[in-house]
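Each chain is listed here by its residues.
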Amino acid sequence: MQVSPNQVSPSSLPIASSEAPAAQDRASDRLCIDTIRTLAMDAVQRANSGHPGTPMALAPLAYTLWQSFLRFDPDDPTWPNRDRFVLSNGHASMLLYAILHLAGVKAGDVGRGHPGEPAVTLDDIERFRQLDSKCPGHPEYGHTGGVETTTGPLGQGCGNSVGMALAGRWLAAHFNRPDFKLFDFDVYAVCGDGDMMEGVTSEAASFAGHQMLGNLCWVYDNNRITIEGHTDLAFSDDVAARFRAYGWNVQHVGDANDTERLAEAFESFRRTESVPTLIIVDSHIAYGAPHKQDTSAAHGEPLGEEEVRLAKRSYGWPEDAKFLVPDGVRERFRDGVGRRGRGLREAWLAMFESYRSKYPDLADQLHRMQQRELPAAWDADLPAFAADAKGLATRDSSGKVLNAIAAHYPWLIGGAADLAPSTKTNLNFEGAGDVEQDRPGGRNLHFGIREHAMGAILNGLAVSKIRPYGASFLIFSDYMKPPIRLSALMELPVIYIFTHDSIGLGEDGPTHQPVEQLVALRSIPGLITLRPADANEVVEAWRVIIGLKRHPVCLVLTRQALPTFDRTKYAPAIEVSQGGYVLADAADGNPAVILMGTGSEVALCLKAREELLRDGIAARVVSMPSWELFEQQSQIYRDGVLPPHITARVSVEMGEVIGWDRYVGATGTRIGMTTFGASAPLKDVLAKFGFTPQRIVAAAKEQIAKSTRKTGS
C-alpha cells in the first residue's frame, strides 16, 4: 500500500459502509498516520523547539509496527513479555509521544502519574518540552509511561536494545519450560543516520551479530539529512554491506510510505530466528512540507506557521486545526494494538498461573526480579577476611565476594570488556557457564573490547530487570561515561566494577594510571562510587551494592595487595554503609589532626598515625569509601566523624584533589595528583609523587601548627 499526500479530509471519516472494507481500512490507516504527523508538527511549533521532520517521515513506519506487529498492551505497559520499542534517535520524540497518546498507553508502574492514568495526554503533547510535561525533549525512562529507555545521546538506544534482546534470550533460557513459553519477546529499535555514525552503534551491532540475537530488529531511517546538511558531507558507508559483515539479515524498503513493503520486512524479521535484522528504510525528512522536505532545516527547528499550514494542506488536513485527533483514530488503535496486546497479555497471565503452580520457585524468582527484590539468603556465604599484614588486592577479595553472592543470586549476570582475568569478575562456581549463541542461559558475559557498548548493553539488561555488572580498568571508565551517566539518569542499579585504580599500577605508566577518573565519576548525580580500603571493606561495599534499587554504582578496586586491617584493633567494616567512618581514633576521642583517605591510601594514613603516636601526637584516621553515601548521613553523624572544631586535616588519595576541600576545609592539606603518573616500579612511583607515611606525617604536623596559630593556643 503506497501512502502519499492527497486532499482527503479527515472529516470524511469514518468511511461510509458502502465502500469496500479494504478502502475503508486504507483511509483509516492514512488518517492515523497523518494524525501522528500533525500532532508532531503542532507540538514542535507551539514549543518553538524540537525536531518535526523525522516524525513526519516515519509516521507510516511507527504506525505499521505498532498497529500490526508490536505485542504490547497499552493497559499494562510493563507486562514482562511485551515487545520492546526503542526510539534511539530520541530527537524524534514526538513520534513516540503521539503513538503513546493515540494508543491509550497507561502510566503503568514506570513513569510519572498513577497506574491506570494516561501516560501521555493531549495536554502533555500541547505542553511538549515545557516544565513538568510528561513529554520532555527526548524520551526519558521513568518519566513517561511506555518509554522503555532514555534516548537522545545517539547510539545509546541501539546499545540498550541489544541488552534488551540479550535479556529476552536469557530470560527464555532461564524460565521457559516445556509447554510454558514464558518469554519470547522481540525488540525493535528505530535509529537514524546519526546513530549509524556513532561508534557505540558499531560496537553493539558487532556484539549482537556475534551473539546471533534473532529477536532484535533495528529500523534504520535513511533520510540522508543531519543538522549540517546532507550526509554526503561526512558519511558514505555502505550500511547494508557493513551489517551483512556483522552477520545481520538486511532488508531494504525504498519508501517509508510503503506500508505493505514495511509489513513484509517485519514479517521477514519474524521468520529470521538465528540472526538480528536491519531494515533500511528510505524516507523524506519533513515529508509533505513543500519547502523544507529533505532539508536540514526540518531536523532541529520548527517548520514555521506557514510551512505547517502548507504541509497540512498536502495531507488534506484542516490547515488551521491544531492538535486535532479526528473521530475514529483512537478507536483504530484500540482495535489494533490494544485488542491484540490485551489478548496476548491475558493469555500470558493465565499461562503464568499454571506455571506458578508447577514451578513455584521459578515463579518466585520472576516476581522478585520484576520488583527488584533480592533472593532469599543471597548473603549466606559472604566471606570474612582475617587480619593480614600482607593482605590481598581488593580486586581479588571482590572476586571472592562476587562469586559468593552470585551463587545465590540467579539473575545477577555480567562480565568484562575482555578483562575478566584481570578484574577478577568471572563467575567460576559450578553451573555458572558463559552466555553464548547456543547456550544463552549462562552467567558470564564476554563483551570483547567494547567498553562503550558494554555500558549501553548493561543498561538494556537493567531495564529488563536483570541485575547486570560490567568490568574494566578504571582508566577506561572514560570510554563508558555516556552509559554510566544514563544509568544514573534512569536510576538503574547497574554495577560497574573498575580495577587498576591508581598510579599504584607502577610500570604500566601514565596511559593506564587513572588520576582524574574518580572526580569524573563523583560528579555524576545519583551515581555511588565506592573505593574500599581492605578486603572486609570490600565485603561491606558489596553488601551496600546489592541492596541498591535505584542507584548505579562504581566499585573501584586495586591491582596491588593491601593489608587486611585487624578489626579487633580498628572499627568494624560494616561502617562502610555510612560512606565514611572513624577507623582509628585518639584514646580520648579528641585527636589533634584528622587523616582521611580512600582505598589503598587508608593504609598509608594508618602508618602515618603510628608515626605520629610515637611523637606523642594523637591522630584520627577516617576511611571515606564513598562520598555519596557519607553525604546521605545526618549532619550529626558527619560532624561526629569530622568534628568542625578540628581544623587540622589531611586528605590522601592517588587522584585529582578536586572536591576534597569539602572535607579538609579551605586550609587543609590535600595530598593527591596534579599531574599524570609515571612508569616505574610501585615503590618508586609512590615515592616520586609523595604517597608515603613520612609526607603524611609532615603534612599533619604542618596542619597542627597552622591550627595552633589560628586558635592562639
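This one's a predicted model, so the numbers in the text were calculated from it and none came from an experiment.

Engineer: Report on the side chain of N536, specifying residues and quantitative values.
Structural biologist: Secondary-structure assignment places N536 in helix α18 (residues 535-547). The exposure class of N536 is buried, given its relative accessible area of 12%. Not counting the four nearest positions on each side in its chain, N536 is found in contact with A384, F385, T564, R567 and A573.

Engineer: Hey, could you go over the sheet that holds strand β11 (residues 467-473) for me, with residue numbers and the actual values?
Structural biologist: Within a sheet, neighbouring strands are paired by backbone hydrogen bonds and run either parallel or antiparallel to one another. With respect to topology, six strands assemble into an open sheet ordered β10-β9-β11-β12-β14-β13, the strand pairing being parallel. Strands at the two margins of the open sheet, each flanked by one partner only, are β10 (444-446) and β13 (528-530). Going from strand to strand, the sheet's axes swing by 20 degrees on average, the running direction of each strand aside.

Engineer: Help me get a handle on the sheet that holds strand β18 (residues 619-623), residues and values and all.
Structural biologist: Read from one edge of the open sheet, five strands run β16-β18-β17-β19-β20, paired in mixed fashion. The two strands at the open ends of the sheet, each matched to only one other strand, are β16 (581-584) and β20 (669-673). For this sheet the average axis-to-axis angle between neighbouring strands, irrespective of direction, equals 25 degrees. Two strands pair when backbone bridges link them, and strand β17 (residues 593-597) and strand β19 (residues 649-656) are joined in this way by four bridges, in the parallel orientation. The residue of β19 that forms the bridge with M596 is S651. Against the sheet, helix α19 (residues 601-614) engages β16, β17, β18 and β19, with an angle of about 160 degrees to β17.

Engineer: Please set out the nonpolar core residue by residue, giving values where relevant.
Structural biologist: In terms of nonpolar packing, the biggest core is built from 150 residues, with W218, L530, W542, L595 and F691 touching the most fellow members. Residue contributions to this core peak at nine residues, all from helix α5 (residues 156-175). In this view, L530 contacts A541, V544, I545, V553, C554, L555, V556, V576, P625, S626 and L629; residues no more than four positions away in its chain are not counted. Counting 68 residues, the second largest nonpolar core, distinct from the first, contains C32, Y63, V329 and V337.

Engineer: So what's going on with the pattern of salt bridges? Which residues, and what values?
Structural biologist: A side chain of one charge can pair with a side chain of the opposite charge if their charged atoms are brought near each other. One pass over the full model with this rule turns up 37 salt bridges. Of the charged contacts in the structure, one is a salt bridge between D75 and K106, with a shortest N-O distance of 3.0 Å. Highlighted residues: D75 in the loop between α2 (53-68) and β1 (84-87) and K106 in the loop between α3 (93-102) and α4 (122-126), separated in sequence by 31 residues. A relative accessible area of 22% means that K106 is categorised as partly exposed.

Cut-offs and rules
- Residues numbered from 1 in each chain as written.
- Predicted model: local features only at pLDDT ≥ 70, side-chain atom pairs only at ≥ 80, totals over all residues.
- Heavy atoms only, no water.
- Helix = DSSP H or I, 4+ residues; strand = E, 2+ residues; numbered from the N terminus.
- Buried < 20%, exposed > 50% of the residue type's maximum accessible area, 1.4 Å probe, protein only.
- Contact = heavy atoms within 4.5 Å.
- Pairing = 2+ DSSP bridges.
- Axes fitted to C-alpha atoms, helices over the stretch in contact; angles between N-to-C directions.
- Core = buried A, V, L, I, M, F, W, Y, C linked by side-chain atoms within 4.5 Å.
- Salt bridge = Lys/Arg side-chain N within 4 Å of Asp/Glu carboxyl O.

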